[in-house]
Amino acid sequence: MLALDTSRKSGLKMKLDRKDILKALETITIAGEGKNMVESGAVKNVLIFGNEVTVDLVIATPAMHIKKRAEDDIKKLIHEKFSSDVIVKVNIKVEAVAAENPNQIKGKAIPGIKNIIGVASGKGGVGKSTVTANLAVSLVKMGFSVGILDADIYGPSMPIMFDVESEKPISVSIDGKSKMKPVESYEVKILSIGFFTSPSQAVIWRGPMASKALNQMIFDADWGELDFMLVDLPPGTGDIHLSIVQALPITGVVIVSTPQAVALADAKKGVSMFMSDAINVPVLGIIENMAYFTPEELPDNKYYIFGKEGAKNLAEDLEVPFLGEVPIVQSIREAGDFGRPAAMQVGSVIETVFEEITRNVVREVVSRNENLPATEAVKITTMAGCSAVKKN
């Protein structure tokens with residue numbers, strides 16, 4: 001929603017000034033862009049002839065609805081900010097950015113963030129958010145700086161899992177611009193739509209509004225320097241996933257699934273989406289959650305409640321790495337509910353499980369950055385973090 005001066009002026013009683021119009025245009029962001037249209041360089045010129053304003057705009061997306069929205073936003077802004085009598089003309093030129101793959105969707109880098117890892121699942125309820133939270137604290141224990149973007153707009157879980165439900169991001173001034181400061185818990189920086197709604201409030205948004213909220217949490221936040229940003233994606237393959245890959249240069253994605261056939265079918269679709277020509281995001285591997293159950297009184301027994309090695313077999317079939325399996329353990333659920341990820345339980349089986357999985361994830365990131373074209377110039381090039389030794 002545009003932050004506009006809603007006082008409509010019925011007559012042109014003020015002299016139009018180019019600087020004032022440019023400043024006003026800084027409140028508009030073109031769909032799919034991280035910066036406002038002035039900062040991004042989309043506004044090439046503003047000409048004023050009496051009560052007529054001409055704005056020359058260059059955008060990278062040829063989509064008709066994006067061009068129409070940009071034109072409508074500019075006209076509405078100038079009419080409401082200055083006068084309804086101003087004649088506004090918007091000249092839009094499309095200059096598509098050349099790429100190796102013309103069908104590929106690519107995002108813009110966030111300065112200071114080295115690797116962006118999406119955590120996805122085709123099916124809901126497979127423990128994706130729990131895995132994300134435990135990967136994050138495991139990475140912190142290995143000495144990495146970590147942030148979580150809770151992109152599950154309709155079911156944000158991170159505020160509960162990190163015991164920060166009552167926290168609110170504060171506003172900080174960075175280079176003269178107001179930015180959101182992520183909430184920090186257990187040395188993990190977090191932003192979630194859950195911080196901006198009450199726990200009982202349902203988020204009833206259409207795709208474009210949800211995407212705009214995500215863009216704000218991505219680009220209007222002071223993330224600082226991060227080795228890893230983990231993006232907790234919603235289940236399925238929809239608007240939010242496309243918005244994320246359009247907005248961010250995803251280093252790679254981790255797929256979480258249970259061994260159950262129903263979950264595997266959807267996980268396979270998730271892998272297919274990220275490996276498609278249009279998106280082409282490397283799949284770092286698959287994690288099998290709720291792999292088996294071992295009763296405390298029978299530590300040598302394993303009961304495969306949801307099936308045996310389903311995700312492992314899927315990884316082999318799709319020729320992607322298998323990153324490890326997480327057993328069904330009551331303390332994982334309890335830790336998530338109490339806001340202290342289970343991987344922080346020093347000396348526990350769960351700590352060992354997530355440490356091993358996290359090492360595998362980092363190993364795949366290193367391999368991906370060495371063997372595939374880097375999404376950004378700055379990338380992890382060593383395995384130092386896998387030894388669980390703090391960085392100097």
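Basis of the calculations
Residues numbered from 1 in each chain as written. Predicted model: local features only at pLDDT ≥ 70, side-chain atom pairs only at ≥ 80, totals over all residues. Heavy atoms only, no water. UniProt positions renumbered as here; feature names shortened; annotations may be inferred. Helix = DSSP H or I, 4+ residues; strand = E, 2+ residues; numbered from the N terminus. Buried < 20%, exposed > 50% of the residue type's maximum accessible area, 1.4 Å probe, protein only. Contact = heavy atoms within 4.5 Å. Axes fitted to C-alpha atoms, helices over the stretch in contact; angles between N-to-C directions. Parallel < 35°, antiparallel > 145°, perpendicular 65-115°, else oblique. Nonpolar A, V, L, I, M, F, W, Y, C, P; charged D, E, K, R; others polar. Patch = residues over 30% accessible without salt bridge, like charges linked within 9 Å, V, L, I, M, F, W, Y side chains within 5 Å. Areas by Shrake-Rupley, 256 points an atom, 1.4 Å probe, with all protein chains shown as cover. Salt bridge = Lys/Arg side-chain N within 4 Å of Asp/Glu carboxyl O. Core = buried A, V, L, I, M, F, W, Y, C linked by side-chain atoms within 4.5 Å. Pairing = 2+ DSSP bridges. Phe/Tyr/Trp six-rings, centres within 6.5 Å; stacked < 30°, edge-to-face > 60°. Expected span 1.5 Å × (residues − 1). Arc of directions from axis to C-beta.

Taking an unreviewed UniProt entry as the reference, the chain is identified by name as Iron-sulfur cluster carrier protein belonging to Flavobacterium micromati. Its UniProt record gives the chain a comment under Subunit (unreviewed entry), which states: "Homodimer." As recorded by UniProt, the Function (unreviewed entry) comment attached to the chain reads in full: "Binds and transfers iron-sulfur (Fe-S) clusters to target apoproteins. Can hydrolyze ATP."

**Q** Just to check I follow, could you spell out the UniProt feature "binding site: ATP" (unreviewed entry) in the chain for this structure?
**A** When the UniProt feature table is mapped to this numbering, "binding site: ATP" (unreviewed entry) covers Gly 122, Lys 123, Gly 124, Gly 125, Val 126, Gly 127, Lys 128 and Ser 129. Along the chain, Gly 125 turns up in the loop between strand E4 (113-120) and helix H3 (128-141). Take Gly 125: its relative accessible area is 71%, and that puts it in the exposed class. Here Lys 128 is to be found in helix H3. Those residues in contact with Lys 128, other than ones at most four positions away along the chain, are Val 119, Ala 120, Ser 121, Asp 152, Asp 232, Leu 233, Pro 234, Pro 235 and Val 256.

**Q** Can you walk me through the packing of H3 against helix H10 (residues 349-371) in this structure?
**A** Running from N to C, H3 and H10 cross one another at 80°; their axes reach a closest spacing of 9 Å. Between H3 and H10, the crossing angle belongs to the class labelled roughly perpendicular. Counting all contacts with H3, which are made through Val 131, Asn 134, Leu 135, Ser 138, Leu 139 and Lys 141, the residues of H10 involved are Glu 351, Phe 354, Glu 355, Ile 357, Thr 358, Val 361 and Val 362. Looking at the contact of H3 with H10 residue by residue, the class counts come to seven nonpolar, three polar and three charged.

**Q** How should I be thinking about a nonpolar patch on the surface in this particular structure?
**A** Nonpolar side chains collect at one region of the surface, where Phe 293, Leu 298, Tyr 303, Ile 305 and Phe 306 lie side by side and expose about 440 Å² of accessible area between them. In this structure, Phe 293 sits in strand E12 (residues 283-293).

**Q** Sorry, what's going on with the nonpolar core here?
**A** Nonpolar side chains tend toward joint burial in soluble globular proteins. Core analysis: the biggest nonpolar cluster contains 44 residues, and Phe 162, Val 188 and Ile 287 have the highest contact counts within it. At eight residues, H10 tops the list of elements feeding residues into this core. Excluding anything up to four places from it in sequence, Val 188 contacts Ala 136, Val 137, Val 140, Val 146, Gly 147, Ile 148, Phe 162 and Val 183. Counting 42 residues, the second largest nonpolar core, distinct from the first, contains Ala 151, Phe 219, Ala 311 and Ala 315.

**Q** What should I look at first to understand the pairing of strand E9 (residues 188-192) in this one?
**A** Put simply, side chains in a regular strand alternate between the two faces of the sheet. Of all five residues in E9, four are buried, a share of seventy percent or more. Where strand E5 (residues 146-150) lies against E9, five bridges are found, and the strand directions are parallel. In the sheet register, Val 146 faces E9, and the bridge partner there is Val 188. Here strand E8 (residues 183-185) folds back onto E9, and the loop between the two strands holds two residues, one of which, Tyr 186, carries a positive phi near 55°.

**Q** I keep staring at the packing of aromatic side chains and nothing clicks. Help me out?
**A** Per the stated rule, a full pass over the model turns up three aromatic pairs. With centroids separated by 5.1 Å and ring planes inclined at 85°, the aromatic side chains of Phe 144 and Phe 228 adopt a geometry described as edge-to-face. Placement of Phe 144 in the loop between H3 and E5 and of Phe 228 in strand E10 (residues 226-232) is noted, with a sequence separation of 84 residues between them. What makes Phe 144 buried here is its relative accessible area of 10%. For the ring pair Phe 162 and Tyr 186, a centre distance of 6.2 Å and an interplane angle of 40° mean the geometry is tilted.

**Q** Teacher, can you tell me more about H3 here?
**A** Since there are 3.6 residues in each turn of an α-helix, residues three or four apart along the chain are aligned in direction. Here H3 spans 20 Å end to end across 14 residues, near enough to the 20 Å set by a 1.5 Å rise per residue. Residues Lys 128, Ser 129, Val 131, Thr 132, Ala 133, Asn 134, Leu 135, Ala 136, Val 137, Ser 138, Leu 139 and Val 140 constitute the buried set of H3. Gly 143 occupies a position one or two residues after H3 and carries a positive phi of about 105°.

**Q** So what exactly am I meant to see when it comes to helix H9 (residues 330-338) here?
**A** Looking at H9, one finds that the buried residues are Ser 331, Ile 332, Ala 335 and Gly 336. Taken down its axis, H9 places every buried residue within 135° of arc, on the same side. Those residues of H9 that are exposed and angled more than 90 degrees off the buried face are Gln 330 and Phe 338. In this fold, the buried residues of H9 make contact with H3, helix H4 (158-161), strand E13 (322-328) and H10. Just downstream of H9 lies Gly 339, where phi reads positive at about 80°.

**Q** What's the story with the sheet that holds strand E2 (residues 52-59) in this structure? I'm lost.
**A** Pairing between the strands of a sheet is mediated by backbone hydrogen bonds and can be parallel or antiparallel. Taking strand neighbours across the sheet as the criterion, the three strands line up as E1-E2-E3 in an open arrangement whose pairing is mixed. Among the strands making up the open sheet, the edge pair consists of strand E1 (43-49) and strand E3 (87-94). Pairs of neighbouring strands in the sheet enclose a mean axial angle of 15°, with direction left out of account. Where E1 lies against E2, six bridges are found, and the strand directions are antiparallel. Note on E2: the bridge partner recorded for Val 43 is Leu 57. Each of E1 and E2 touches helix H1 (residues 18-25); the most contacted strand, E1, lies at about 140° to it. Contacts between helix H2 (residues 64-81) and the sheet are confined to E2 and E3, with E3 contributing the most and set at about 155° to the helix.

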